[in-house]
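Here are the chains, one letter per residue:
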Amino acid sequence: DKETDLPGFPLFTLFTLAMGMTSCIPTMNPSKPAKCNPKKLVDNIQKNSPSFVAGSPALWERVGAYCTQHKLTLPSIKYLVMFGAPVSVKMHEMFEPILTNGTTYTPYGATESLPVANISGSEVLEKRAQKNKEGKGTCVGKPVKGTTIIIYQDSEIPEPHFNSSKVKAPNQVGEILVQGDIVTREYYRMPEQTKLHKIYDGEKFWHRIGDLGYLDEEGNLWFCGRKTHQVKTSQGAMYPIPCEAIFNQHPLIKRSALIGLGESGKEVPAIVVERIDHFMSLTKEGQKQFEKELKELAEKYEHTKSIKTFFLYDHFPVDVRHNIKIDRLKLKKWAMEQNA
């Protein structure tokens with residue numbers, strides 16, 4: 001069958017054309033996926049019947065909400081591919097009734113190594129959703145064919161030579177390393193970056209993605225956050241994705257961000273929250289009640305018990321390309337100023 005693509009991310013137009021697919025350019029500003037008009041995109045899909053659609057979760061969140069509101073299904077779509085940031089279980093749940101002949105997919109990788117792993121929304125909902133909600137990380141699936149993933153002891157310095165004793169056992173969090181034909185050999189005219197991100201292992205090499213995670217007993221990769229976003233407390237490291245998942249259970253929370261206050265190694269963990277209503281009608285009494293509910297959530301789980309400090313932020317700062325990656329370092333700077 002001839003497949004048709006509707007790319008919410010412009011680069012995918014080149015990929016799919018090279019694979020022999022028809023590509024239909026959607027009616028949107030590709031540099032601002034979070035501000036797309038969902039009606040126009042749904043009209044595009046209904047008119048051109050694409051089987052493959054892709055783009056930022058920020059884009060598909062709007063499309064999914066529009067379809068839910070208007071009780072619409074998108075039967076032509078077999079594959080809805082989302083990338084750029086961890087995709088919540090809620091997103092997979094939202095699209096399950098909309099994609100009557102398909103499912104969501106969340107490939108994992110980086111510019112220097114793409115793709116590394118992949119998982120379908122149907123598998124997430126069937127087997128992984130509960131662990132995700134309990135703060136075990138985001139499951140991004142098994143390595144793609146020809147790619148090897150290992151978890152290595154986390155460090156901030158160059159590691160010129162591979163050391164097998166630093167490889168972590170299943171279910172232990174560490175730095176995600178990848179090896180395979182999909183990995184770039186070096187950074188163009190950036191020898192220091194190449195030294196920092198490549199670990200040589202005989203004639204082969206491992207690429208340090210800059211992310212933290214673990215492999216489970218079945219060989220699935222679980223993403224726990226960026227290395228630069230972990231919070232290093234006197235009791236040990238805390239990871240953004242497992243902690244944030246607990247607070248994202250609250251029905252009024254759109255998203256949350258783990259930050260650390262103070263110096264590395266002695267940081268005090270805190271959570272910054274963006275509410276669905278952006279605090280438009282929140283009274284002082286309502287704020288106290290809301291923070292009480294967040295503390296109660298934190299108390300329920302061992303890995304969030306130490307979080308006692310909360311900040312409310314109107315609209316989270318996000319990346320320019322996908323409009324979805326939370327700028328936790330900017331939020332940390334802001335919170336430190338509030339605390340000063």
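Residues numbered from 1 in each chain as written. Predicted model: local features only at pLDDT ≥ 70, side-chain atom pairs only at ≥ 80, totals over all residues. Heavy atoms only, no water.

Undergrad: Give me the environment of Lys71: which residues, what numbers.
TA: Structurally, the position occupied by Lys71 is in the loop between helix H3 (57–69) and strand E4 (79–82). Residues Lys71 and Ile98 lie 27 residues apart in sequence; the distance between their C-alpha atoms is 8.4 Å. (Helix = DSSP H or I, 4+ residues; strand = E, 2+ residues; numbered from the N terminus.)

Undergrad: An account of the pattern of salt bridges is needed here, citing residue identities and associated values.
TA: Two side chains that carry opposite charge are able to pair once their charged atoms sit near each other. Scanning the entire structure with this criterion turns up 21 salt bridges. Note that Asp154 and Lys227 form a salt bridge whose closest N and O atoms lie 3.8 Å from each other. A residue pair is termed long-range when its members are at least 10 positions apart, and Asp154 in the loop between strand E9 (147–152) and strand E10 (174–180) and Lys227 in the loop between strand E13 (221–226) and strand E14 (231–233) qualify at 73 residues. Using a relative accessible area of 26% as the deciding quantity, one classes Asp154 as partly exposed. The residue Arg226 makes a salt bridge to Asp211 at a minimum N-O spacing of 2.7 Å. With Arg226 in strand E13 and Asp211 in strand E12 (residues 204–215), this residue pair connects regions lying 15 residues apart in the sequence. Classification of Asp211 as buried rests on a relative accessible area of 5%. Where salt bridges share partners, they join Asp154, Glu175, Arg208 and Lys227 into one cluster. (Salt bridge = Lys/Arg side-chain N within 4 Å of Asp/Glu carboxyl O. Buried < 20%, exposed > 50% of the residue type's maximum accessible area, 1.4 Å probe, protein only.)

Undergrad: For the sheet that holds strand E18 (residues 309–312), give the residues involved together with the corresponding values.
TA: Each strand in a sheet pairs with another by means of backbone hydrogen bonds, the pair being arranged parallel or else antiparallel. One open sheet accounts for three strands, arranged E16-E17-E18; its pairing is mixed. Edge positions in the open sheet fall to strand E16 (253–261) and E18, since each of these has one partner strand only. Going from strand to strand, the sheet's axes swing by 25° on average, the running direction of each strand aside. Looking at chain direction, E16 and strand E17 (residues 268–275) are connected through eight bridges and run antiparallel. Following the sheet pairing, Ala257 is matched in E17 by Val272. (Pairing = 2+ DSSP bridges. Axes fitted to C-alpha atoms, helices over the stretch in contact; angles between N-to-C directions.)

Undergrad: Tell me about the packing of helix H2 (residues 38–48) against H3, and please be specific about residues and values.
TA: Viewed as axis vectors pointing N to C, H2 and H3 meet at an angle of 80°, and their least axial separation amounts to 9 Å. As summarised for this structure, H2 and H3 are arranged roughly perpendicular, according to the angle between their axes. On H3, the residues touching Pro38, Lys39, Leu41, Val42 and Ile45 of H2 are Leu59, Trp60, Arg62, Val63, Tyr66 and Cys67. In terms of residue class, the contact of H2 with H3 is made up of nine nonpolar, no polar and two charged. (Parallel < 35°, antiparallel > 145°, perpendicular 65-115°, else oblique. Contact = heavy atoms within 4.5 Å. Nonpolar A, V, L, I, M, F, W, Y, C, P; charged D, E, K, R; others polar.)

Undergrad: I'd like to hear about helix H1 (residues 11–18), residue by residue, with values.
TA: Taken residue by residue, H1 has Phe12, Thr13 and Thr16 as its buried positions. Down the axis, H1 shows its buried residues gathered within 105° of arc, on one side only. Seen from the open side of H1, the exposed residues pointing more than 90 degrees away from its buried face are Leu14 and Ala18. One or two steps after H1, the chain reaches Gly20, where phi turns positive at roughly 90°. (Arc of directions from axis to C-beta.)

No statement about biological role is implied by the geometric values presented.
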